[in-house]
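For reference, the chains in residue letters:
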Amino acid sequence: DGGITQSPKYLFRKEGQNVTLSCEQNLNHDAMYWYRQDPGQGLRLIYYSQIVNDFQKGDIAEGYSVSREKKESFPLTVTSAQKNPTAFYLCASTPSWGGGTDTQYFGPGTRLTVL
Amino acid sequence: AQSVAQPEDQVNVAEGNPLTVKCTYSVSGNPYLFWYVQYPNRGLQFLLKYITGDNLVKGSYGFEAEFNKSQTSFHLKKPSALVSDSALYFCAVRPDMFSGGYNKLIFGAGTRLAVHP
């Protein structure tokens, strides 16, 4: 069963804590993305990775960090420096970075709540 | 600045009636256009995309979208709405590679579709 999995589905964090959101894909896609979704706003790009061992900041990278050590995995860490981390986080992937016609496929999301 | 506008926060339609969800964009070049649907607490599901060719694009679940270059619009349509179509719909645009697009998507804020029995 191919696709993108994200875990956990719900995550609660105390202020000052770092938390890591998991994103795994078995689609053999090169490129992966992290988005943040807030009510009434579209998705905003946090980080993206064109290929293994490479990643780039998106539009709202402050307070977040990522790694891409394996092709299938792109974890996102929400650090204590992120001032307002409560949001719905979505991971996506495409077969390649340069293929402009590629469709982005999304995981089911993780809802992060800061207590 | 490149942007996508979905002018209606919510669209209300009676079941069986046609529906339209509007999208306009401000992007240079010849962008690629996408529609996604999101059900509560779920990820985005791909509905359809326009790359080139026929301006009327058919997608999943009976949805279609019409690309209008002169009006820079890409409205989503369905001839007969179902209650199960009720969800949040996102329009997204990818600038073409000559405008620095690659695979970065620009999303609209979303339109909530409510189909009433």
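The rules behind each value
Residues numbered from 1 in each chain as written. Chains lettered and ligands numbered in written order. Predicted model: local features only at pLDDT ≥ 70, side-chain atom pairs only at ≥ 80, totals over all residues. Heavy atoms only, no water. Helix = DSSP H or I, 4+ residues; strand = E, 2+ residues; numbered from the N terminus. Rg over C-alpha atoms; globule rule 2.2 N^0.38 Å. Lys, Arg positive; Asp, Glu negative; His and termini not counted. Charge placed at Lys NZ, Arg CZ, Asp CG, Glu CD. Buried < 20%, exposed > 50% of the residue type's maximum accessible area, 1.4 Å probe, protein only. Contact = heavy atoms within 4.5 Å. Buried area = accessible area lost by both parts, 1.4 Å probe. Salt bridge = Lys/Arg side-chain N within 4 Å of Asp/Glu carboxyl O. Polar contact = N/O pair within 3.5 Å; in protein donor to acceptor, adjacent residues only side chain to side chain. Disulfide = S-S within 2.5 Å. Pairing = 2+ DSSP bridges.

Q: Got a minute to help me understand the overall build of chain A in this structure?
A: Regarding its fold elements, chain A presents zero helices and 11 strands. Listed N to C, the secondary structure of chain A is β-β-β-β-β-β-β-β-β-β-β in terms of helices and strands. Its C-alpha atoms give chain A a radius of gyration of 13 Å, near enough to 13 Å, the size a compact globule of 115 residues would have. Oriented by its inertia axes, the alpha-carbon framework of chain A measures out at about 40 × 30 × 30 Å. Of note, chain A has its 11 positive side-chain charges centred 8 Å away from the centre of its 11 negative side-chain charges.

Q: How should unusual backbone geometry be read in this particular structure?
A: Most of the time, phi is negative for any residue but glycine, and the peptide bond is trans. Here A:Ser7 and A:Pro8 are connected by a cis peptide whose omega angle stands at -5°. Mapping A:Pro8 onto the fold places it in the loop between strand S1 (4-7) and strand S2 (10-13). Of note, B:Asn41 is a non-glycine position whose phi angle comes to about 55°, a positive value. Note on B:Asn41: relative accessible area 34%, which makes it partly exposed. In this structure, B:Tyr61 is a non-glycine residue whose phi angle is positive, near 60°. Using a relative accessible area of 51% as the deciding quantity, one classes B:Tyr61 as exposed.

Q: Please clarify how the interface of chain A and chain B should be interpreted in this entry.
A: Chain A puts 28 residues into the contact, and the matching count from chain B is 21 residues. The junction of chain A with chain B conceals about 1,900 Å² of combined surface from both sides, 53% of it contributed by carbon and sulfur atoms. For the chain A face of the interface with chain B, the top three residues by lost area are A:Trp97, A:Thr101 and A:Phe106, together amounting to 24%. Seen at the junction of chain A and chain B, the total is zero salt bridges. Between the two partners, chain A and chain B, sit seven residue pairs in polar contact (both at pLDDT 80 or more). Listing elements by their share of the side of chain A that touches chain B, those giving two or more residues are strand S4 (31-37), strand S5 (43-49) and strand S9 (87-94) of chain A.

Q: Even after reading the chapter, I still don't get the environment of A:Ile46, so can you show me in this structure?
A: All names here are of chain A. With respect to the helices and strands, the residue isoleucine 46 is situated in strand S5. Measuring from C-alpha to C-alpha, the distance between isoleucine 46 and aspartate 59 comes to 5.9 Å, with 13 residues separating the pair along the chain. When neighbours within four sequence positions are excluded, isoleucine 46 is seen to be in contact with Trp34, Tyr35, Arg36, Lys57, Gly58, Asp59, Ile60, Ala61, Tyr64, Leu76 and Tyr89.

Q: I would appreciate a short explanation of the pattern of salt bridges in the present structure.
A: It is possible for side chains of opposite charge to pair when their charged atoms get near one another. All names here are of chain A. Enumeration over the complete set of coordinates arrives at six salt bridges over all chains. One salt bridge connects arginine 36 with aspartate 38, and the closest N-O pair in it is separated by 2.8 Å. One exposure class covers both arginine 36 and aspartate 38, and it is buried. A cluster of three or more residues bridged by salt bridges with shared partners is formed by Arg36, Asp38 and Arg44.

Q: So what exactly am I meant to see when it comes to the state of the cysteines here?
A: Simply put, the disulfide is a covalent bond whose two ends are the sulfur atoms of two cysteines. Residues and elements named next belong to chain A. A full pass over the atoms with the stated rule returns two disulfides over all chains. Paired by a disulfide, cysteine 23 and cysteine 91 hold their sulfur atoms 1.9 Å apart. Handedness here is read from the sign of the S-S torsion; for cysteine 23 and cysteine 91, about -70°, the answer is left-handed. Of this pair, cysteine 23 sits in strand S3 (residues 19-25) while cysteine 91 is found in strand S9, placing the two residues 68 residues apart along the sequence.

Q: Even after reading the chapter, I still don't get the pairing of S4(A), so can you show me in this structure?
A: Within a regular strand, side chains alternate between the sheet's two faces. All names here are of chain A. Judged by how many residues are buried, S4 sits mostly within the fold: seven of seven residues are covered. By the alternation rule, side chains of S4 split into Ala31, Tyr33, Tyr35 and Gln37 and Met32, Trp34 and Arg36, which are all buried. Pairing of S4 with S9, which is carried by seven bridges, proceeds in the antiparallel orientation. The residue bridging tyrosine 35 from the neighbouring strand is leucine 90, located in S9.

Q: Help me understand the side chain of A:Thr103 in this model?
A: Looking at the secondary structure, you find A:Thr103 in the loop between S9 and strand S10 (105-106). Assessed through its relative accessible area of 5%, A:Thr103 is described here as buried. A distance of 3.0 Å separates polar atoms of two side chains, one belonging to A:Thr103 and the other to B:Lys49. Discounting residues that sit within four places of it in the chain, A:Thr103 has contacts with A:Ser93, A:Thr94, A:Pro95, B:Phe34, B:Tyr36, B:Phe46 and B:Lys49.

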